[in-house]
Amino acid sequence: MLQFIVRRLIVALLVAATVMTLAFILTRLSGDLAVSIAGPNATQEDIELVRKAYGLDRPLTTQFFEWVGRAVTGDLGESYFFKARVSSLIAERMPITITLGLTGLVIALLVSLPLGILAAVRENTTLDRVVQMVALLGQAMPSFWLGLILMITLGLQLGWLPISGTGSWQHYVMPGIVLAFSAIPALTRLTRAGMIQAMGSDYIRTARAKGLSRASILLKHALRNAAIPVVAIAAVQLGFMLGGSIVIEQVFALHGVGFLAWESIGKNDFPVVQAVVLVLAVIYVALTMLADLMNAVLDPRLR
Amino acid sequence: MSALLEIEDLAVSFGRTGAVRGTSLTVERGETLCVVGESGCGKSVTALAVMNLLARGARRTARSMRFQGEDLLGLSDAGMARLRGNDMAMIFQEPMTSLNPAYTVGSQMTEVLRRHKGTPQRVAVDRAADLLARVGITAPGLRLGQFPHQLSGGLRQRVMIAMALMCEPKLLIADEPTTALDVTVQAQILRLLAQLQRDLGLGMLLITHDLGIVARVAHKVAVMYAGKVVENAATAELFASPRHPYTQGLLRCVPVPGKIKRDEPLGSIPGTVPRVGPDFEGCAFRERCSFADPTCTQEIPRHRAGGTHDFLCRLPA
């Protein structure tokens, strides 16, 4: 177990290093920070002055290692536009993104577990095919488009839910649904496959031979085993959702980390963009590790 | 009093294959009936049909199926579930995979008792520990808290047996319970089953392909071939004077120390059990039978050869 954790930590470090390099290179490729700080009416001299003042004239490698060196100690630098520490910017907005991600995950599980079980129990019937079709549609649907559709129907026409902002829990429902849609197909298919496999197993035959109720056979004996891969993927999906909320936070005007990233990309605010990418990558790696640990908890054979 | 289990003319088909084609069996209280035959002869399907545990897509029909006088054919799924694990229990050929890997031995054993008798958990745990001790498991308290993967195949099969006994069943159906085990463990499990059967007065339907097992534990034997019982007899009678050519062939395949000579080839039956449709006519063994003649394609009469001995062959007694 210890060896396993150490190995995972090494992988996590490698991932972090890769992500930092890529984030650094991509932000430099995407625009010139000096130009955007100087503003649209700046002359070439102004831009050069800004470049010097912010140390952007130094070689890229120097800038990179300076950033990495600080980041390792937890110092993510300062935003050029918000005039604030990047770490406090992210910390301030993280709760919104995490709330959104968890809402999305809960909705996704509430939909995909029952659907997957239903499809498995009715394997190869029309119902099963309909469920799989719906799952496929969900995967094919762009989230910004679904978000807009929901805003028009649930928000404007029916008036059930607020369409933007973060004032109450209701504000998280619609973006949560949109976020969940991206995770539902995979989770539903995985639940279905796991349940079909479990239901055909010898231990389910034993459970039936014991005269257990249908509910106990399905939900206790089969689901417990089918859920093992689902839990792992759900944790990974949560990572996707936290990262993928950039679009949705934009659409629903939720001022979370995704929104911050979007704003900063527009302004070439490199320190913020780099830090957001790094933080999300680290969370993602941590979640995949958590998934493995949860597998070990759920599956006694792995303990 | 009616027999413990009485099946008349059971037929099970999977699409165009007739797995069981008119099988009649009777198990009396406290009696062990062995059903023998090669792989694919329909013996396991017969056992599963009694428990109503057949896979989806199987078609089960019978003239009658009675358990303690109760009609099993007319029972609803819920009614059948009330009998299973309670008055009739079953153990399987695959001890390695028949226990749920996600739950402890104790949890899996006690849930049967809670389900059927509403026994409180604490009492159920005590009974589970008693039964584990009874099937020869040392340190039952420790085993109750363990997961199946921590136990050997022999131990798991003992757990399955103990679990089957939780509700004091009247009938135990055992489908090749020792096939997957080491020879030494096989002997232990068999001895255990025979002893439990005697002590608890269990009726037992034991499915096996091993005539050595039959000789040791069966009171009577039904020999199955291609979905039909081709010979019924009390155990001693069957071994002394087998009447059906298939039974005779099976017995020739068993080496008996002292009776066979060192370099003499052991008997064998050429070919394998054919897959036949539900409406197959005549004797299904005719292709492999050295006594076969054209009349074997017609309907075969069942001959009596004494009180409880009968066989299905055109050749008269």
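Residues numbered from 1 in each chain as written. Chains lettered and ligands numbered in written order. Predicted model: local features only at pLDDT ≥ 70, side-chain atom pairs only at ≥ 80, totals over all residues.

Trainee: Residues and numbers for the overall build of chain B, please.
Mentor: Looking only at helices and strands, chain B has 10 helices and 13 strands in total. Principal-axis analysis of the C-alpha atoms gives chain B an extent of 65 × 50 × 35 Å. Residue burial in chain B is summarised as follows: out of 317 residues, 45% are buried. In chain B, 64% of the contacts between residues at least 6 apart in sequence involve partners at least 24 apart. (Helix = DSSP H or I, 4+ residues; strand = E, 2+ residues; numbered from the N terminus. Buried ≥ 20, exposed ≤ 12 C-beta atoms within 10 Å, placed from the backbone. Contact = placed C-beta atoms within 7 Å.)

Trainee: Could you give an account of the domain arrangement of chain B, naming the residues involved and the relevant values?
Mentor: Residues and elements named next belong to chain B. Splitting chain B by domain gives domain 1 (5–87 + 167–312) and domain 2 (97–166). Counting from both sides, the interface comprises 13 residues of domain 1 and, opposite them, 13 residues of domain 2. When residues in the side of domain 1 that touches domain 2 are grouped by element, the largest group, 4 residues, is from helix H7 (residues 183–200). By residue class, the composition of the side of domain 1 that touches domain 2 is 9 nonpolar, 3 polar and 1 charged. (Domains from an automatic or database assignment. Nonpolar A, V, L, I, M, F, W, Y, C, P; charged D, E, K, R; others polar.)

Trainee: Explain the sheet that holds strand S13 (residues 310–312) of chain B to me, and be specific about the residues and the numbers.
Mentor: Residue and element names in this part refer to chain B. The mixed open sheet is built from 8 strands, whose spatial order is S7-S8-S9-S3-S10-S11-S13-S12. The strands lining the two open edges of the sheet, one partner per strand, are strand S7 (88–91) and strand S12 (302–304). Strand-to-strand, the axes of this sheet are offset by a mean angle of 20°, without reference to chain direction. The pairing of S12 with S13 spans 3 bridges and is antiparallel. Along S13, the bridge assignment pairs Arg 302 with Leu 312. On the sheet, helix H1 (residues 43–51) packs against strand S3 (32–36), S7, strand S8 (171–175), strand S9 (203–208) and strand S10 (220–225) and is oriented at approximately 145° with respect to S8. (Pairing = 2+ DSSP bridges. Axes fitted to C-alpha atoms, helices over the stretch in contact; angles between N-to-C directions.)

Trainee: Tell me about the interface of chain B and chain A, residues and numbers included.
Mentor: Taken together, the contact between chain B and chain A spans 23 residues of the former and 17 residues of the latter. Secondary structure elements with two or more residues in the side of chain B that touches chain A: helix H2 (77–83) and helix H3 (105–117) of chain B. Among the elements that line the side of chain B that touches chain A, the one with the most residues is H3(B), at 4 residues. Residues belonging to the side of chain B that touches chain A are distributed by class as follows: 11 nonpolar, 7 polar and 5 charged.

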